[in-house]
Amino acid sequence: METNKKSVRELIVVEGRYDKNTVLRAVNATVIETSGFGFLKDRDKIALLRRLSEETGLIILTDSDRAGFFIRGRLHGMLGSANVKHAYIPDVPGKERRKVSASKEGKLGVEGMNSDIIIKSLEIAGATFDDSGNMSTKEGLITKSDLFDAGLTGTDGSAQKRRRLLTELGLPTKLSTKAMLDVLNVLVSRDEFLVKK
């Protein structure tokens, strides 16, 4: 985690992995992807987003095209307006470098924005910034080493232990280890985690 970047307290929700990568180049934050329209059929992801929005607040940052506004609207409807903020990127004509052609509407998406634009969009949305570089509001962050020490990674049976922990916490059992670490750092302090292990 780069300490010279500002940290955002709220969970940031984006459409896909390239959007997530762009946001994480701009700020330290917990960022979750909707997988495009995939979240519509994923009750576990909606439940997780609802829970995290209650814990830290949530910022929806989608592309400024028809699909992005549809996803934003559906998320807002599913999560309600409490603790939900909206960040918007400007309409910038062009195409992302990795794409062969521009989108239908000919605009850059979140992945095509530079860090200054991402930060400005989050500021306008009312994001809570912490200049210390610590994105957790709880004391101390849980680390990959803590997961290893708890037998949740790198050992025989670690996958079963992760599933058991995720089930106990009411979280989706399909979370990757990295996503689990991000979510744990939102929900519990390092001390609480060390006691639970």
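The preceding data block contains the structure.
Asks: I'd like a rundown of the packing of helix 2 (residues 43-56) against helix 3 (residues 66-79), residues and numbers included.
Replies: Running from N to C, helix 2 and helix 3 cross one another at 70°; their axes reach a closest spacing of 10 Å. One finds that helix 2 runs roughly perpendicular with respect to helix 3. For helix 2 against helix 3, the interelement crossing comes out right-handed. Mapping the contact onto sequence places Ile46, Leu49 and Arg50 in helix 2 and Leu75, Met78 and Leu79 in helix 3. Its residues assigned to classes, the contact of helix 2 with helix 3 shows five nonpolar, no polar and one charged.

Asks: Describe helix 3, listing the residues and the values that go with them.
Replies: Across its 14 residues, helix 3 extends 20 Å between first and last C-alpha, which sits within 8% of the 20 Å expected from 1.5 Å per residue. The set of residues buried in helix 3 consists of Gly68, Ile71, Arg72, Leu75 and Leu79. Buried residues along helix 3 cover an arc of 100° about the axis, so they all sit on one side. Facing away from the buried side of helix 3, by more than 90 degrees, are the exposed residues Arg66 and Gly77.

Asks: Which residues make up the nonpolar core, and what values go with them?
Replies: One finds Leu75, Leu184 and Phe193 to be the most contacted residues of the largest nonpolar core, which totals 31 residues. Residue assignment for this core shows that the elements contributing at least two residues are strand 2 (11-14), helix 2, strand 4 (58-62), helix 3, helix 6 (158-168) and helix 7 (177-187). The element best represented in this core is helix 7, accounting for six residues. In contact with Leu184, not counting residues within four places along its chain, are Ile142, Leu147, Leu165, Leu169 and Phe193. Grouped together as the second largest cluster of nonpolar side chains are 19 residues, Ile12, Leu61, Leu108 and Val110 included.

Asks: Tell me about the sheet that holds strand 4, and name the residues and values.
Replies: Here four strands make up an open sheet; going across it, the order is 3-2-4-5 and the pairing parallel. A single partner strand is all that each edge strand has here, and the edge strands are strand 3 (31-33) and strand 5 (84-88). Strand-to-strand twist of the sheet, defined as the mean angle between neighbouring strand axes without regard to direction, takes the value 25°. In this structure, strand 4 lies alongside strand 5, joined through five bridges in parallel fashion. Across the sheet, the residue bridging to Leu58 is Val84, located in strand 5. In the packing of helix 2 onto the sheet, the strands contacted are strand 2, strand 3 and strand 4, and the crossing angle to strand 3 comes to about 160°. Lying over the sheet, helix 3 contacts strand 2, strand 4 and strand 5, oriented at roughly 160° with respect to strand 4.

Procedures and definitions
- Residues numbered from 1 in each chain as written.
- Predicted model: local features only at pLDDT ≥ 70, side-chain atom pairs only at ≥ 80, totals over all residues.
- Heavy atoms only, no water.
- Axes fitted to C-alpha atoms, helices over the stretch in contact; angles between N-to-C directions.
- Helix = DSSP H or I, 4+ residues; strand = E, 2+ residues; numbered from the N terminus.
- Parallel < 35°, antiparallel > 145°, perpendicular 65-115°, else oblique.
- Left-handed = near helix turned anticlockwise from the far one by under 90°.
- Contact = heavy atoms within 4.5 Å.
- Nonpolar A, V, L, I, M, F, W, Y, C, P; charged D, E, K, R; others polar.
- Expected span 1.5 Å × (residues − 1).
- Buried < 20%, exposed > 50% of the residue type's maximum accessible area, 1.4 Å probe, protein only.
- Arc of directions from axis to C-beta.
- Core = buried A, V, L, I, M, F, W, Y, C linked by side-chain atoms within 4.5 Å.
- Pairing = 2+ DSSP bridges.

By themselves, these are just geometric observations and shouldn't be taken as functional.
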